[in-house]
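# Reading the structure
One-letter residues, chain by chain:
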Amino acid sequence: MTKNQLINKTYYRVFVTEYENQQPSETVERVQNQQAVERVSLTELGGRGELVERAQRMQNQHPGQHTDSVQRTKHTQRVESSHPIHLLGHIFFTEQSMEQADLSPIRFAQGEYYYHVKDYEAAIYKWSNVEGELGDWAKKNIGDAYYELGWLRDAEKTYQSIRSKDEVLSIEIALQLASLYAEKNDVERLYLSINKAISINPDYPNVTELGRTIYEQHQDWQNAVVLVVNEAVRTEDTSWFDLLKTYVDKGYTRDFVPDYFQDSLQVLAKVDESRFAQLLKSLNNSYIGQAAFVDWVKTLNDLLLGVEEIEERGPKQDISTVLHHSYLELMTGEYLLNELKTVMPDLLTNWLNAMSGEQALVPATAVMAWNEIFPSTLTIDTLRESEHHLFNNDISFYDSTEEVLTLLEAIMAWADKHTIGEKIKWLSRKLLKASERGNKHLLVTGRKGSGAAETINAILGENLLGDENITMFIEKATGTNTLTEIKNDGVQPVTDMVTLQNNDLVELRWSTPSPLQKLDFSLISIPEMSGGHGQENDIFNYSNVSDGILYVLDDHEVLREGGIPELDQVNHQHVPVHFLIRGERESKATRERIQEFYPNAEVFTLSNITSDMSTGNNLVHFINRNYHIDRENSTQHLISKVLYLIRSALVELLKGRTTAENSFNFNLSFIEELTGKLQGLESSLQDKLKENTLSITEAYRVLKDNTRRNIEVRLPKILQECTQYIKEDSNFREIHIELDNKMNEAIQTYVQDSLIPKFKSDIQNWMNEAERELNETQCYLEEMSETINTSMEEKKVALAGDLQILLDWKRDINRLTYRIEIDKVNIMTRNKPAQMLLKSAGKIFGNLQQNKQILYNQYKKKVENDSYEDVTTSLIEKFFFEFNLFEKTMKSDIALFFEEPLVRVHELITNVQAEKESVKEQLLHLKENPELFYDPLKVFEVRALQCDMLKKVNEDITISYYPMEGK
């Protein structure tokens, strides 16, 4: 509630108005005159409650005090220019002197003024002393003051403490609480408050609009829709219905069950027929494709059967459109017959009742077709009405193109989810696109060797076709020339025409400058007409989708009695058939026979058909000049073409049930076989991992052992050979140092000149062998990838080991071999007893000549007979230290090589097994739910029959139909 609204309840309005708008003298005069107080009435205040007419009661209760007004004239003159609060104070002073003073209204007014000037504490003080009929309003105002001060908790408690039966006050409190909870972002309580306000009195000004705004701000479309529907029904105000339509168009109502809108629709039908039809249309569009669509149609049927007949032409047309769209949606093959049978009879009845004249033909044929397939489901009245529209109309031509194209599109959409040959789907879409663009197709054919292929080459300006007997669709294009083969299992590009076989279907998009660019038609080329009969014959199949036939004859060819049997098989009633005769001279007998059997045919003779531009241009000129179809025949022929494709597709789909089951069984067998191969591959890779790991690590161990033995054999001998440096005249006091140096020099020479080169050569050989083994494994992986891809007929697998480990090994080996360094070794200077004894003896006796011989012999004996085991062990440890670390990582490196292939193969096994389970489920679903397959075909059969009937309306013949064989 706004403050201005509440202020209007009080004396404050009177005095502020007087103070702001009147002259001071007028104010004084009013105060002096007791009658001025009497005018402070409810009517003047314009408030939302009743106020006691203060002056009247004062006069009645205290008549003697009337003379006091005269005595206080001087005082009132001082109030002349006073502020309103002074005036209220004057009234308060006067009132409180009375025996039964009622000060609450004055305090209420004073509080209002203080609130107005934002002195909230003073306002709260004044209102807290208000009693009586204004007490609850005063409490509410105190809550407002708390709210303005930002004391939301105190405001909430104050509002909630008020218990009043005053409807207006209750609504205002609810609205204030809604504002408070909105500020606190307490959505739940905000909703409770606004709902309470609406439930008390939805007619209260702007309360429902406020509720709608709150719901929209919080995007709570559920509550918003409920509010709008309730208000639309309650008020019958079209603005609420317009808002509901907006919600429907935006998709906010899809979660509601359809019959929720039945009451509102019934009300709207009485209020505004046009809006009723538009809302029906919006609801229908919103439910199409949703799970609740069948329920919506039930609601729609009940509604239309219950409301009075719509008289206005526009709304009636809109309703018929809604019913037509509902019919088309139900007949897409997505709904089962047990669902359709509950709604279709009433839908057809409503649809028929909504139409008249030419437009009634569509629902009338739908009724008859449905009754043909599902007899006894429609009422006699509906059938009679349908017959009346069919057999008592004066329509010369009805264009049912939209109906047949819509049906073909529906069948193709359903076929995409089921097993059907790609050829019929491709041909159907080709025709649909041609109908959209207004393209026409000319069939060029003849007997073997007649020159049909040369005719196509002449129009293309290039010798493209030879002896191949293929069916080719040819279109003008931009960019590059493309040739595509259409098979029942898919579409693929053709790189070489040699790979094509007889009766293959291909599409050529030709961009090379040629006479074709001037042709008004696209071409269908069948160079050799098959001698077969019936629908297995390509000439029969493709002539049904052509708009004209050019039959090529050789001048030596003789026409038998009865014309050309192969040509007479095809449906050329509505398309022109003309002839091209190839030869040096035209056979008069041939021309006469052509005119006899094909009186409307034109004949064009060429002595020689070549691929030069002149011949091609002459052919194009002949074709453009002679192949014309009037609009009515053109439309009728298009309808015939589409109906032919519809029947062909339905035949394919009828076969599809068995084909699908066989396909699932084949897939299961294939998946089981593939799973076995993959599991075998996984096991083989694990074996190869073990084999490669053992082979490579064992070869490395042998390499190390051989090198170790080499050191153990060679190093002691090299050190023993150092006796040559011991002489009888050697300085035995320093001989141990000299020997140490010589021995270390010999060790370094051995390591650098012999050991390292030999080790490098050996480890390189090991590296080459390891690389060979892993490369062989990689070749095996590639072979297995190719095998799997061949089995799966797609390049899905590319198994590859991590060959990076070979590069890492090469890098590590080069680094390690170049870093081999052997530090100086203490050999003769070690602190072993023998060495210490010799050193001591040399130092003590080294200068005595007679003792040198003894020392000489002892040193020589020591050097020659020492095993040098500790030196050898030390050298081996130092030499192989980092190579041992390299060996420890070797197994993990080899495992890393196999990691990605093993993971990939395991993923494939998992995916294939999941696919196997999926196929099993689909096969089981197919077997347990045959209606999912057969029900849509029955639906399409109904629609195909309807299209046949519409076509036969133009043919002015008795309507008859023989249902498709099968379930």
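Calculation notes
- Residues numbered from 1 in each chain as written.
- Predicted model: local features only at pLDDT ≥ 70, side-chain atom pairs only at ≥ 80, totals over all residues.
- Heavy atoms only, no water.
- Helix = DSSP H or I, 4+ residues; strand = E, 2+ residues; numbered from the N terminus.
- Buried < 20%, exposed > 50% of the residue type's maximum accessible area, 1.4 Å probe, protein only.
- Contact = heavy atoms within 4.5 Å.
- Areas by Shrake-Rupley, 256 points an atom, 1.4 Å probe, with all protein chains shown as cover.
- Axes fitted to C-alpha atoms, helices over the stretch in contact; angles between N-to-C directions.
- Parallel < 35°, antiparallel > 145°, perpendicular 65-115°, else oblique.
- Left-handed = near helix turned anticlockwise from the far one by under 90°.
- Phe/Tyr/Trp six-rings, centres within 6.5 Å; stacked < 30°, edge-to-face > 60°.
- Core = buried A, V, L, I, M, F, W, Y, C linked by side-chain atoms within 4.5 Å.
- Expected span 1.5 Å × (residues − 1).
- Bend = angle between axes of the 7 residues up to and from the residue.
- Nonpolar A, V, L, I, M, F, W, Y, C, P; charged D, E, K, R; others polar.
- Pairing = 2+ DSSP bridges.
- Patch = residues over 30% accessible without salt bridge, like charges linked within 9 Å, V, L, I, M, F, W, Y side chains within 5 Å.
- Salt bridge = Lys/Arg side-chain N within 4 Å of Asp/Glu carboxyl O.
- Lys, Arg positive; Asp, Glu negative; His and termini not counted.
- Charge placed at Lys NZ, Arg CZ, Asp CG, Glu CD.
- pLDDT = per-residue confidence, 0-100.

### So, the overall build of the protein
- Within the protein, the secondary structure is distributed over 40 helices and nine strands.
- Of all 967 residues assigned to the protein, the portion counted as buried reaches 50%.
- Within the protein, contacts between residues separated by at least 24 positions form 75% of all contacts whose residues are at least 6 apart in sequence.
- For the protein, the computed accessible surface area is about 47,800 Å², with 47% contributed by carbon and sulfur atoms.

### So, the packing of helix α13 (residues 152–161) against helix α14 (residues 167–183)
- Put simply, α13 and α14 touch, their axes get as near as 10 Å, and they point 155 degrees apart. Comparing their axes, α14 and α13 come out roughly antiparallel. α13 and α14 meet at a crossing whose hand is left-handed. When α13 is examined against α14, the residues Leu152, Ala155, Glu156, Tyr159 and Gln160 are found in contact with a partner set consisting of Ile173, Gln176, Leu177, Leu180, Tyr181 and Glu183.

### Points about the packing of aromatic side chains
- Taken as a whole and judged by the stated rule, the model has 35 aromatic pairs.
- Considering the side-chain rings of Tyr260 and Phe261, the 5.5 Å spacing of their centres and the 85 degrees angle between planes classify their relative orientation as edge-to-face.
- Note on Trp809 and Phe886: the rings are 6.2 Å apart at their centroids and 75 degrees apart in plane angle, and the pair reads as edge-to-face. Residue Trp809 is located in helix α35 (residues 804–818), and its partner Phe886 is located in helix α38 (residues 869–888); the two are separated by 77 residues in the primary sequence. As far as the burial class goes, Trp809 and Phe886 line up, both buried.

### A word on the nonpolar core
- Grouped together as the largest cluster of nonpolar side chains are 110 residues, with contacts concentrated most on Phe276, Tyr327 and Leu330.
- Here this core gets ten residues from one element, more than from any other, and that element is α14.
- For Phe276, the residues in contact, after removing those within four places along its chain, are Leu265, Leu268, Ala269, Leu303, Leu304, Ile310 and Ile319.

### Regarding helix α39 (residues 890–928)
- Taking 1.5 Å of rise per residue, 39 residues should cover 57 Å, and α39 covers 57 Å from first to last C-alpha, within 8% of that figure.
- Along α39, the largest kink reaches about 40 degrees and is centred on Phe898; proline Pro901 follows within four residues of it.

### Comments concerning the packing of helix α15 (residues 187–200) against helix α16 (residues 207–217)
- Relative to each other, α15 and α16 sit at 155 degrees, their axes nearing to 9 Å. Here α16 runs roughly antiparallel to α15, going by the angle between their axes. Note on packing geometry: the crossing formed by α15 with α16 is left-handed. Across the interface between the two elements, Leu190, Tyr191, Ile194, Asn195, Ala197 and Ile198 from α15 touch Val207, Thr208, Leu210, Gly211, Ile214 and Tyr215 from α16.
- A class-by-class count of the residues in the contact of α15 with α16 yields nine nonpolar, three polar and no charged.

### Focus: the sheet that holds strand β6 (residues 522–526)
- The strand order across the open sheet built from nine strands is β4-β3-β5-β2-β6-β1-β7-β8-β9, with neighbouring strands paired in mixed fashion. Pairing within the sheet leaves two strands with one partner each, and these edge strands are β4 (490–493) and β9 (603–606). Strand-to-strand, the axes of this sheet are offset by a mean angle of 20 degrees, without reference to chain direction.
- Pairing between strand β7 (residues 548–554) and strand β8 (residues 577–582): six bridges, direction parallel. Counted as the bridge partner of Val552 is Leu580 from β8.
- Packed on one face of the sheet, helix α28 (residues 452–460) meets β1 (441–446), β2 (471–476), β5 (505–510), β6, β7 and β8 and runs near 140 degrees to β1.

### Regarding a negative patch on the surface
- A contiguous patch of negative charge, built from Asp259, Asp263, Asp295 and Glu339, is present on the exposed surface.
- Mapping Asp259 onto the fold places it in the loop between α18 (238–249) and α19 (262–271).
- Exposure remark for Asp259: the relative accessible area of 48% places this residue in the partly exposed category.

### As for the pairing of β2
- Taking burial as the measure, the six residues of β2 include five buried ones, the bulk of the element.
- Examined bridge by bridge, β2 and β5 share six bridges and lie parallel to one another. When the sheet's bridge partners are listed, Lys476 is paired in β5 with Trp510.
- When β2 meets β6, the two strands line up antiparallel, connected through three bridges. Among the inter-strand pairings, Met472 is bridged to a residue of β6, identified as Ser525.

### Here we look at the confidence of the model for the protein
- Residue-level pLDDT values for the protein average 78, and 81% of them are 70 or greater.
- Here helix α5 (residues 42–45) stands out as the element of the protein with the lowest mean pLDDT, 29, in contrast to α18, whose mean of 95 is the highest.
- Ignoring residues within four places in sequence, the model shows residues 834–839, a span with pLDDT below 50, making 17 contacts including any to other chains.

### Details of the pattern of salt bridges
- Considering all chains together, one arrives at 34 salt bridges under this definition.
- One salt bridge in this structure joins Arg275 and Asp272, with 2.8 Å as the shortest N-O distance.
- Between Arg701 and Asp705 there is a salt bridge, with the nearest N and O atoms lying 2.6 Å from each other. Taken together, the residues span about one helical turn, with Arg701 and Asp705 both in helix α33 (residues 631–720) at a distance of four residues.
- According to the relative accessible area criterion, Asp705 is buried, its value standing at 18%.
- Three or more residues are tied together by salt bridges with common partners; here these are Asp808, Arg811, Asp812, Arg815 and Glu882.

### Regarding unusual backbone geometry
- Look at Lys118: it is not a glycine, yet its phi comes out positive at around 65 degrees.
- Among the structural elements, Lys118 can be located in the loop between α10 (104–116) and α11 (120–128).
- The backbone of Glu236 sits at a positive phi, close to 55 degrees, despite the residue not being glycine.
- By the secondary structure assignment, Glu236 is in the loop between α17 (221–235) and α18.

### A look at the pairing of strand β3 (residues 482–487)
- Pairing between β3 and β5: five bridges, direction antiparallel. Bridge pairing in β5 places Glu485 opposite Val506.
- The sheet contact formed by β3 and β4 spans four bridges and is antiparallel. Within β4, the residue paired with Ile486 across the bridge is Val491.
- In sequence, β3 turns back onto β4 through a hairpin of two residues.

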